[in-house]
Amino acid sequence: MPVITFANTKGGAGKTTAVLLLATELARKGYRITILDADPQHWISRWHEISGHVANIQVIDFVTSASLPQHISENKHSTDYFIIDLPGARNPLLATAIGLSDHVLIPIQGCAMDARGGAQVLELLQYLDEKAGINIGHSVVLTRVNSMVTTRALQLVKALLNERNVPVLDTAIIERAAFRDIFDCGGTLHDMDPMRVSNLEKACENALCFAEEIIRKVPVKLPACARATGPLIRSAA
Ligand SMILES: Nc1ncnc2c1ncn2[C@@H]1O[C@H](COP(=O)(O)OP(=O)(O)O)[C@@H](O)[C@H]1O
Ligand SMILES: [Mg+2]
């Protein structure tokens, strides 16, 4: 049950939106998701309240630095992915969540090159690696990218970050009305009316692509017993 944290000390970077897109797409694929809502604005918890039951998703609200480890240990047997939504400010939760994570995703607004909030998270990850030998997988995800931005321009931004040894996801999250509306409507992208929401199909495609890249990057670990029986099953066949 990998733990994935979305972190950027700047508000408005697109953390909460990316959390919801990833959670709903993974849940749709059948993974059991626990969202740990540590955002004082409680957007995810409010979304969950208006949505009613959403298959494969549970949301835990009022998560604090002290309660986080307990939430993970109490739910680990019923969860395939934990997804943590952090506040948009520097906070003791940041270090706790990062320390418990298998992968940290750092949303950075693709076009506004104000990446300071993301840089603070990258610095913390580097500090943990150099001073404590704790190496936590991480990637930047470009978010709120204008749909008019060309693939070439995006490649350029990715290349710039890669030059500085910052891994960047191939999939950028595009600025879409559907990604905003989902917080008002509740439910998932797939419950929305394509006649009312512009470019809904493209939004769905984008969210799916994002989730599939995360599944490849952070696969669910098989329980030890499943790993042990794998080769036995093959040799018996
Ligand atoms: N990909 C996107 N498309 C459209 N609107 C977005 C997108 N990402 C974020 N937003 C909007 O930007 C604002 C801030 O996003 P949010 O996800 O709450 O950021 P954070 O959690 O980092 O503070 C919200 O109003 C949200 O609806
Ligand atoms: Mg937020």
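Okay, so let's go over this structure. Owing to the predicted nature of the structure, the values given are computational and were not obtained by experimental measurement.

### Some thoughts on the environment of cysteine 209
Phase 1 of the analysis: Of note, cysteine 209 is situated in helix α8 (residues 200-217).
Phase 2 of the analysis: Along the primary structure cysteine 209 and glutamate 25 are separated by 184 residues, whereas in three dimensions their C-alpha atoms are 9.4 Å apart.

### Some remarks on the site of ligand 1
Phase 1 of the analysis: Taken together, the neighbourhood of ligand 1 is formed by 16 residues, with Gly14, Lys15, Thr16, Thr17 and Phe179 sitting nearest.
Phase 2 of the analysis: Secondary structure elements with two or more residues in the shell around ligand 1: α1 (15-28) and α7 (177-185).
Phase 3 of the analysis: Residue contributions to the shell around ligand 1 peak at three residues, all from α1.

### A look at helix α4 (residues 92-100)
Phase 1 of the analysis: Those residues of α4 that sit buried are Leu93, Leu94, Thr96, Ala97 and Ile98.
Phase 2 of the analysis: Structurally, α4 contributes buried residues whose contacts are with β1 (3-6), α3 (68-75), β4 (81-85), β5 (103-109) and α5 (116-132).

### Focus: the packing of α3 against α4
A pair of packed helices is characterised by two quantities: the angle between their axes and the separation of those axes.
Phase 1 of the analysis: At a closest axis distance of 10 Å, the pairing of α3 and α4 adopts a crossing angle of 30 degrees. By the angle between their axes, α3 is roughly parallel relative to α4. On α4, the residues touching Leu68, Pro69 and Ile72 of α3 are Thr96, Ala97 and Leu100.
Phase 2 of the analysis: Taken together, the residues that form the contact of α3 with α4 break down as five nonpolar, one polar and no charged.

Reading the values: rules and limits
- Residues numbered from 1 in each chain as written.
- Chains lettered and ligands numbered in written order.
- Predicted model: local features only at pLDDT ≥ 70, side-chain atom pairs only at ≥ 80, totals over all residues.
- Helix = DSSP H or I, 4+ residues; strand = E, 2+ residues; numbered from the N terminus.
- Near = placed C-beta within 6 Å.
- Buried ≥ 20, exposed ≤ 12 C-beta atoms within 10 Å, placed from the backbone.
- Contact = placed C-beta atoms within 7 Å.
- Axes fitted to C-alpha atoms, helices over the stretch in contact; angles between N-to-C directions.
- Parallel < 35°, antiparallel > 145°, perpendicular 65-115°, else oblique.
- Nonpolar A, V, L, I, M, F, W, Y, C, P; charged D, E, K, R; others polar.

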